[in-house]
Amino acid sequence: MYYEIAIIEYGGVEQVEVKEEKTHIFMALATNAYNEYPRYMMFHVMPNHKANPIKEFISSHMVLLSNTIVSCDNDPSFKWLKDVSFFVLELSQLRS
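Please read all numbers here as calculations on a predicted model, not as lab measurements. (Residues numbered from 1 in each chain as written. Predicted model: local features only at pLDDT ≥ 70, side-chain atom pairs only at ≥ 80, totals over all residues. Heavy atoms only, no water.)

Draft legend 1. Examining a nonpolar patch on the surface more closely. A cluster of nonpolar residues, Ile-8, Met-41 and Phe-43, forms a patch on the protein surface that exposes about 310 Å² of accessible area. Under the relative-accessibility criterion, Ile-8 is labelled partly exposed at 33%. (Patch = residues over 30% accessible without salt bridge, like charges linked within 9 Å, V, L, I, M, F, W, Y side chains within 5 Å. Areas by Shrake-Rupley, 256 points an atom, 1.4 Å probe, with all protein chains shown as cover. Salt bridge = Lys/Arg side-chain N within 4 Å of Asp/Glu carboxyl O. Buried < 20%, exposed > 50% of the residue type's maximum accessible area, 1.4 Å probe, protein only.)

Draft legend 2. Focus on the nonpolar core. Residues Ile-5, Phe-26, Ile-54, Ile-58, Met-62, Phe-78 and Leu-81 are the most contacted members of the largest nonpolar core, which totals 16 residues. Counting only elements with at least two residues in this core, the list comes to strand S1 (2–10), strand S2 (23–31), helix H1 (51–61) and strand S4 (69–72). In this structure Ile-58 touches Ile-5, Phe-26, Leu-64 and Trp-80, once residues within four positions along its chain are discounted. (Core = buried A, V, L, I, M, F, W, Y, C linked by side-chain atoms within 4.5 Å. Helix = DSSP H or I, 4+ residues; strand = E, 2+ residues; numbered from the N terminus. Contact = heavy atoms within 4.5 Å.)

Draft legend 3. Quick look at the pairing of S1. Bridge analysis of S1 against S2 gives nine bridges, and the strand direction is antiparallel. By the bridge assignment, Tyr-3 is partnered in S2 with Ala-30. For S1 and S4, the ladder comprises three bridges, and the chain directions are parallel. Within S4, the position partnered with Tyr-3 by the bridge is Val-70. (Pairing = 2+ DSSP bridges.)

Draft legend 4. Up close: the packing of aromatic side chains. Per the counting criterion, the structure on display carries one aromatic pair. Their ring planes at 65° and their centres at 5.3 Å tell us that Phe-26 and Phe-57 sit as a pair that is edge-to-face. Taken together, the residues span a long stretch of sequence, with Phe-26 in strand S2 and Phe-57 in helix H1 at a distance of 31 residues. You'll find Phe-26 and Phe-57 in the same group, each marked buried. (Phe/Tyr/Trp six-rings, centres within 6.5 Å; stacked < 30°, edge-to-face > 60°.)

Draft legend 5. Spotlight on the side chain of Ser-71. By secondary structure assignment, the location of Ser-71 is in strand S4. In this structure the side chain of Ser-71 is engaged in a polar contact, spanning 3.1 Å, whose partner is the side chain of Glu-4. (Polar contact = N/O pair within 3.5 Å; in protein donor to acceptor, adjacent residues only side chain to side chain.)

Here you go:
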């Protein structure tokens, strides 16, 4: 199983006087192999862009087996994935 995960920031406008909050949406695409069309897509609005809520959501809503490959960007909220037994690829590693 191959997962591509990311946090999408939606909405919000930054102006000098007003700073609106952006909505953080967790996105996961699941395929059988790298560079295939997704078999499953998951989107979930997160309360914030921190590692703890993301870790809890992934642990309770995604199946992570020993042969699972997870691709993510260098977002600090995904750093804990490197401590888990499955293999994690960052986007920079995929492009090389």
